[in-house]
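The chain contents come next:
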Amino acid sequence: MPTTPCPCLTGRPYAECCGQFHRGDALAPTAELLMRSRFSAYAVGDVAYVRRTWHATTCPPELELDDALRWYRLDVLGTTGGGLFDADGTVEFRAFYRAPSGAGVLHEVSRFVRMDGEWVYLDAIV
Ligand SMILES: [Zn+2]
């Protein structure tokens, strides 16, 4: 549905927010937007997009999304680099989920690099 709010909570419709990246109509121009679109991919269950935006050297060979997790909120806490003219960057965020065993929060600083003009997720800095 075109007016469904985007899971990344920008307030924009999904189709015009992360949906355009999931469909392949556009590339995320910044690391933060890529991170948001990956969160939304987890929320809508788009495993192909999660794989496509994962660096080839760090992407797990087997990847399945846990259907029991419901990702419902994303807070972006800060970014470094990751802009239109950068080659790498980080995004710190909290991602909130509900599961049958209880709710939880993933707090991570993710590293992103630009590969052939496309932002991809590299790994998490502990
Ligand atoms: Zn979005």
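The notes below deal with the structure included here. Throughout this description, residue numbers start from 1 for each chain and increase along the sequence as written. The predicted nature of this model means local features are confined to residues of pLDDT at least 70 and side-chain atom pairs, given and counted, to a pLDDT of 80 or more, with totals for whole chains, interfaces and linings taken over all residues. Values reported for side chains reflect all heavy atoms of the structure, with hydrogen atoms and water molecules removed beforehand.

This part covers the packing of aromatic side chains. Here is the rule: rings of Phe, Tyr and Trp (six-membered ring for Trp) pair when centre to centre is within 6.5 Å. Planes less than 30 degrees apart are stacked, more than 60 are edge-to-face, and the remainder are tilted. Tallied over the entire structure, the rule returns 6 aromatic pairs. Among the aromatic residues, ring-to-ring pairing joins Phe39, Tyr42, Trp71 and Tyr97 into one connected group. Against the face of tryptophan 54 rests arginine 38, its NZ or CZ located 4.9 Å from the ring centre. Look at NZ for Lys and CZ for Arg. If either is within 6 Å of the ring centre and within 35 degrees of the ring normal, a charge sits over the ring.

Let us look at the pairing of strand β1 (residues 70-81). Two strands qualify as a pair provided that DSSP identifies no fewer than 2 bridges between them. Under the DSSP-based scheme used, a helix requires at least four consecutive residues in state H or I and a strand at least two consecutive residues in state E, with every element numbered from the N terminus. Two strands pair when backbone bridges link them, and β1 and strand β2 (residues 88-99) are joined in this way by 10 bridges, in the antiparallel orientation. Counted as the bridge partner of tryptophan 71 is tyrosine 97 from β2. Linking β1 back to β2 in an antiparallel pair, the connection comprises 6 residues, with glycine 82 at a positive phi of about 75 degrees.

Turning our eyes to something else, we now look at the coordination of the zinc ion. Only Cys6 (SG), Cys8 (SG), Cys17 (SG) and Cys18 (SG) from the protein coordinate the zinc ion, and they sit 2.2 to 2.3 Å from it. Keep in mind that water is not among the atoms, so a site may look incomplete; donors are the N, O and S atoms within 2.8 Å of the metal, or 3.2 Å for Na, K and Ca. For a four-donor site, all angles between 85 and 135 degrees give tetrahedral; for four or six donors, opposite pairs above 155 degrees with the remaining angles between 65 and 115 give square planar or octahedral; all remaining cases count as irregular. Given 4 donor atoms and angles of 105 to 118 degrees at the metal, the environment of the zinc ion is assigned as tetrahedral. Going along the chain, you hit the donors of the zinc ion in the pattern C-x1-C-x8-C-C. Of the two residues, cysteine 8 sits in the segment before α1 (18-23) while cysteine 18 sits in helix α1, which places them 10 residues apart along the sequence. Both residues of the pair, cysteine 8 and cysteine 18, belong to the buried class. Residue exposure (1.4 Å probe, protein chains only): buried if accessible area is under 20% of the type maximum, exposed if over 50%, otherwise partly exposed.

The 4 strands are arranged β1-β2-β3-β4 in an open sheet whose pairing can be described as antiparallel. Both edges of this open sheet fall to β1 and β4 (118-125), since each of them pairs with a single strand only. The average angle at which neighbouring strand axes cross in this sheet is 30 degrees, direction not considered. Pairing between strand β3 (residues 102-115) and β4: 7 bridges, direction antiparallel. Across the sheet, the residue bridging to valine 113 is valine 120, located in β4. Throughout, an axis means a line fitted to C-alpha atoms (over the contacting stretch in the case of helices), and angles, computed between N-to-C directions, take values from 0 to 180 degrees.

Nothing here speaks to function; it is all geometry.
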